[in-house]
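Observations on chain architecture
Below are the chains, spelled out letter by letter.
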Amino acid sequence: ANDTSDDGFVIDEWTGEITTGRPLDRERNATHELDIVASDGLHVRSPLSITTVYVTVLDRNDEYPTFVDQDRYSAAVPESLPVASPVISVLAVDLDDGTNAVVQYSLLSSNDSSQFAVNISTGQVSLATTLDFEQQERYSFQVVASDSG
């Protein structure tokens, strides 16, 4: 017979092998603490041994970066803004762990994106070329947030 814990772990009462009875999700619960009791079956009220097993769930790159607070950003800048000046910062987060959670930013290529640059690590969008209000009043482009997966 097997014994199942509240965390979904199953222990084989003969071999002591601990397995998972259901999939684990690190984003929901990254660690589990299992109290294991060993008994000879005759003296149930006084177990022979008690120990604690700590299980750490490792990350799988199963989350995607999402932009914080908004799907659309906007900024107004003067046409005299110097090249390389910051325009706006975007922020995305990834609920994975470690290197799987590292977000990188890029610009989706478009007619308007060539006037701007984005810092791959910080999400800060800056001016790549000078702007001329008389030639174009508005610019629209997409910033892409991606992770290592």
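Everything here concerns the structure above.
Okay, so let's go over this structure. Every value quoted in this text rests on a predicted model; they were computed, and no experiment measured them.

**Here we look at the sheet that holds strand β7 (residues 86-89)**
Pairing in this open sheet of 3 strands is antiparallel, and the strands run β7-β11-β10 from one edge to the other. For this open sheet the edge positions go to β7 and β10 (116-118), each flanked by a neighbour on one side alone. Along the sheet, successive strands turn relative to each other by an average axial angle of 25°, direction set aside. As paired strands, β7 and strand β11 (residues 124-127) are joined by 3 bridges and run antiparallel to one another. Following the sheet pairing, S89 is matched in β11 by Q124.

**Some remarks on the nonpolar core**
Soluble globular proteins tend to pack their nonpolar side chains together in the buried interior. Counting residues in each nonpolar core, the largest one holds 13 residues, and the members touching the most others are Y105, F116, L127 and V143. Only β10, β11 and β12 (143-146) provide two or more residues apiece to this core. Those residues in contact with V143, other than ones at most four positions away along the chain, are F67, V90, Y105, S106, L107, V118 and V125.

Rules and cut-offs
Residues numbered from 1 in each chain as written. Predicted model: local features only at pLDDT ≥ 70, side-chain atom pairs only at ≥ 80, totals over all residues. Heavy atoms only, no water. Pairing = 2+ DSSP bridges. Helix = DSSP H or I, 4+ residues; strand = E, 2+ residues; numbered from the N terminus. Axes fitted to C-alpha atoms, helices over the stretch in contact; angles between N-to-C directions. Core = buried A, V, L, I, M, F, W, Y, C linked by side-chain atoms within 4.5 Å. Buried < 20%, exposed > 50% of the residue type's maximum accessible area, 1.4 Å probe, protein only. Contact = heavy atoms within 4.5 Å.

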